[in-house]
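Residues per chain, in single letters:
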Amino acid sequence: MQANMILAIDQGTTSTRAIAFEVTPQGAFSAVAVSQIELAQHFPQSGWVEHDAAEIWRATLQTCREVVRKAGGVDRFAAVGITNQRETSVLWDATTGEPLHRAIVWQDRRTADVTTRLAAEGHEAAVQAATGLILDPYFSASKYAWLLDAVPGARERAARGEVKLGTIDAWLIWKLTGGASHVTDATNASRTSLMDLSTLQWREDLCDLFNVPMKALPDIRGCADHLGDCDASLFGRALPIHGAAGDQQAALVGHGALKAGDAKITYGTGAFLVANVGEAPVASTSRLLGTLGYAADGHVAYALEGSIFSAGSAIQWLRDGLKVISDSRQSEAMAQTLKDNGGVYLVPGFTGLGAPWWQPEARGTVIGLTRDSGPAHFVRAALESLAYQTRDLLDALKKDGAPSLTRLKVDGGVTANAFAMQFVADICELEVERPAFQEMTAMGAARLAAFGVGLTAELWTAPAEAPAVWRPRMGDEERARLLKGWRGAVKAAIIAAGGDEP
Ligand code: ADP
């Protein structure tokens, strides 16, 4: 039997999935089996978000076993690839292999006092220069320190090598290998605030600053390296683990955004832009995040990343809050009942504004209402806001001196909306390309593992099925007028929240 399949594990914030990809000799990937289990969210206090790492492991094992069975047995598989929610932090016992505390999820703000103090002490510039990241509780370092302090005896035991720290990739690799491998991939490591973005190694000074013992951290590996072998008792064979990357970086690889100037944006609840900037890191002056795109086969690609807090969630608000639509799909036809936005702009700052504005206090704002304004104006303004927010990120990239973008590769639920995608192309002056197969995160993990294990000769080859493409067709004057209206609306949102005029 030919072992031409990859078992991709996609451990996300709300669910754990396993997907079996069949790989043809030409390098085409097709998903042949899927299994998914929802993940319980725990909110012990305001601003705290936790996952049960043991539950994550059980769901991983169960979904993997199901997919292996559905796909015809373990002998069909050549390797395992992993992609995961980033930054989420786990502390476990090296002897028993059991978590010592619930995992602290990326959204958790409990260590805000630590990063605020470090910023007040003047450490931000040095941390950013070394890691590409701003000081924020989002990243793992302050979460790791919190876990070591919260669990009695953990610090002493860490010094003796009895407890381990890691992001979800490291936790799953440890469990899959029966405790034989304590490793992480460099993209996940790039989200901890402890890794030097140039050397791809932990930094002693950063570990000291955040009070995290380096001894408890996993070894850093490339994204397509051999990361260990699965314990043979799990699936009946010691399948090698040959790929791992954080979710946004895996999507970058899945899209084939491998060269400088390639970029992808995922339009889900929020939106995540990752732009490949090439072989050297680019320091951002616009508060974009410097991060690793991927490291595979001796090739390293750096990236700049920016997030939009509210993208699809603005459409959810139209449906569940305003109730002007009953299904998100209706938004497309409704927006098109208008010939233009009628001067109405919606800034969806429901939870503040992300990059490049970084205004956590800002709130949602609508401007330009007249007696003619109706539900369709709100719908249209919400969809248009996706494009304007994307444009703001692209302008920040340009300001940071990132290579000019060639086109924008898109995925996520909102990309079903052709009106919104055409508007993104028009406002961003870029071709927008949506691949036929949408699971870019799992696809990236599968491609890394297939390449790592030698099943494919290239990390990426274009899929046979043609993507959907939207090309810019708006005139310069109209674009300039719309962007002027949008910038006025952002200014209003920031000033209304008591912020300084941007
Ligand atoms: P996530 O992974 O963040 O849960 P998804 O990629 O599944 O997000 O996308 C879901 C989002 O896409 C929802 O916020 C929903 O409002 C939005 N969405 C889905 N279909 C459409 C559509 N046709 N037009 C606009 N937005 C849509």
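Bear in mind that the values here come from a model prediction, so they are computed numbers and not experimental data. Residue indices follow the written sequence of each chain, beginning from 1 at its first position. A pLDDT threshold of at least 70 governs which residues receive local features in this predicted model, and a stricter bar of 80 or more applies before side-chain atom pairs are shown or counted, although totals over entire chains, interfaces and linings include all residues. With hydrogens and water set aside, each side-chain value is computed from the structure's full complement of heavy atoms.

**Student:** Hey, could you run me through helix H15 (residues 440-453) in this one?
**Tutor:** Each turn of an α-helix holds 3.6 residues, which means side chains three or four residues apart point in the same direction. The terminal C-alpha atoms of H15, which comprises 14 residues, lie 20 Å apart, in line with the 20 Å expected from a rise of 1.5 Å per residue. A simple rule labels every residue: compare its accessible area, found with a 1.4 Å probe on the protein chains alone, to the largest value its type can have, and call it buried under 20%, exposed over 50%, or partly exposed in between. Strands are runs of DSSP state E lasting at least two residues, helices are runs of H or I lasting at least four, and both sets are numbered from the N terminus onward. The element H15 is largely enclosed, with a buried count of 12 among its 14 residues. Along H15, the residues that are buried comprise Met440, Thr441, Ala442, Met443, Gly444, Ala445, Ala446, Arg447, Leu448, Ala449, Ala450 and Phe451. Downstream of H15 by a residue or two, Gly454 has a phi angle that is positive, lying close to 90°. Each residue after the first adds 1.5 Å to the expected span of a helix.

**Student:** I tried to follow the environment of His377 on my own but got confused; where do I start?
**Tutor:** By the secondary structure assignment, His377 is in helix H13 (residues 375-399). With a relative accessible area of 11%, His377 lands in the buried category. Once the C-alpha coordinates of His377 and Met334 are considered, the two residues, 43 residues apart in sequence, prove to be 8.8 Å apart. Ignoring sequence-local partners within four residues, the contact set of His377 consists of Leu338, Asn341, Gly342, Val344 and Asp372. Residue contacts follow a heavy-atom distance rule, with two residues in contact if any of their heavy atoms lie within 4.5 Å.

**Student:** I would appreciate a short explanation of the pairing of strand E6 (residues 89-93) in the present structure.
**Tutor:** Here is the key point about a regular strand: its side chains alternate between the two faces of the sheet. Counted residue by residue, E6 has 5 buried out of 5 residues, so it is predominantly covered. Taking every second residue as pointing to the same face, both faces of E6 are buried, with Ser89, Leu91 and Asp93 on one and Val90 and Trp92 on the other. Here, strands pair whenever DSSP counts at least two bridges between them. Direction of pairing for E6 relative to strand E8 (residues 163-167): antiparallel, over a ladder of 5 bridges. The residue bridging Trp92 from the neighbouring strand is Lys164, located in E8.

**Student:** Explanation requested: the sheet that holds strand E2 (residues 15-23) in the structure shown.
**Tutor:** Paired through their backbone hydrogen bonds, the strands of a sheet run either parallel or antiparallel. Read from one edge of the open sheet, 6 strands run E3-E2-E1-E5-E14-E13, paired in mixed fashion. Sheet topology places strand E3 (29-38) and strand E13 (228-229) at the edges, where each strand pairs with a single neighbour. The pairing of E2 with E3 spans 9 bridges and is classified as antiparallel. Paired with Ala20 across the bridge in E3 is Ala33. Against the sheet, helix H10 (residues 247-254) touches strand E5 (77-84) and strand E14 (240-246), its axis set at about 105° to E14. Only C-alpha atoms enter the line fits that serve as axes; for helices the fit covers just the stretch in contact. Angles between N-to-C directions range over 0 to 180 degrees. Contacts from H15 reach strand E1 (5-11), E2, E3, E5 and E14, with the element oriented near 135° to E5.

**Student:** In this structure, what is going on with the site of the ligand? I would like to understand it.
**Tutor:** What makes a residue near a molecule or strand is one non-hydrogen atom of that residue sitting within 4 Å of it. The ligand sits among 13 residues. The nearest are Thr269, Gly312, Gln316, Gly413 and Asn417. We call two N or O atoms a polar contact when they sit within 3.5 Å, provided that within protein one can donate a hydrogen and the other can accept it, with sequence-adjacent residues counted only if both atoms are side-chain atoms. Gly312 has a polar backbone atom sitting 3.0 Å from an oxygen atom of the ligand. When the free accessible area of the ligand is taken as 580 Å², the share hidden by the protein chains comes to 68%. The element best represented in the shell around the ligand is helix H11 (residues 312-321), accounting for 4 residues. Gly is placed with the polar residues, together with every amino acid not listed as nonpolar (Ala, Val, Leu, Ile, Met, Phe, Trp, Tyr, Cys and Pro) or charged (Asp, Glu, Lys and Arg). Of the residues that constitute the shell around the ligand, the class distribution is 2 nonpolar, 10 polar and 1 charged. Areas reported here follow the Shrake-Rupley algorithm with a probe of radius 1.4 Å; residue values treat only the protein chains shown as occluding.

**Student:** What's the story with the pattern of salt bridges in this structure? I'm lost.
**Tutor:** Where charged atoms of side chains with opposite charge meet at close range, the side chains can pair. The term salt bridge refers to a pairing of a side-chain nitrogen on Lys or Arg with a carboxyl oxygen on Asp or Glu at a separation within 4 Å. The full count for this structure, using the stated rule, is 34 salt bridges. In this structure, Arg17 engages Asp10 in a salt bridge whose closest nitrogen and oxygen atoms are separated by 3.1 Å. Assigned by exposure class, Arg17 and Asp10 land together as buried. Because the salt bridges share partners, they merge into one network encompassing Arg391, Asp395, Glu429, Asp476, Arg479 and Arg487.

**Student:** What is the right way to read the environment of Glu478 from this model?
**Tutor:** Among the secondary structure elements, Glu478 is positioned in helix H16 (residues 476-496). Here the alpha-carbon distance between Glu478 and Glu429, two residues 49 residues apart in the chain, equals 12 Å.

**Student:** Mind showing me how you'd approach the nonpolar core here?
**Tutor:** Generally speaking, nonpolar side chains in soluble globular proteins are found buried as a group. Formed by 92 residues in total, the largest nonpolar core has its most connected members in Leu194, Tyr267, Leu397 and Leu408. The leading source of residues in this core is H13, at 12 residues. Residues grouped as a nonpolar core are buried Ala, Val, Leu, Ile, Met, Phe, Trp, Tyr and Cys residues, joined through side-chain atoms within 4.5 Å. Of all hydrophobic cores here, the second largest spans 37 residues; its members include Val67, Leu176, Phe235 and Ala244.

**Student:** Any chance you could explain unusual backbone geometry here in plain terms?
**Tutor:** Peptide bonds are mostly trans, and most non-glycine residues show a negative phi. In this chain, Ala355 is followed by Pro356 through a cis amide linkage whose omega measures -5°. You can see Pro356 is positioned in the loop between strand E19 (345-347) and strand E20 (365-367). Its identity is not glycine, yet Leu200 carries a phi of approximately 60°, on the positive side. With respect to the secondary-structure elements, Leu200 resides in the loop between strand E10 (195-196) and strand E11 (201-202). Judged by its relative accessible area of 13%, Leu200 falls in the buried class. Located in the positive-phi region is Glu429, a residue other than glycine, with phi close to 55°. Judged by relative accessible area, which is 40%, Glu429 ranks as partly exposed.

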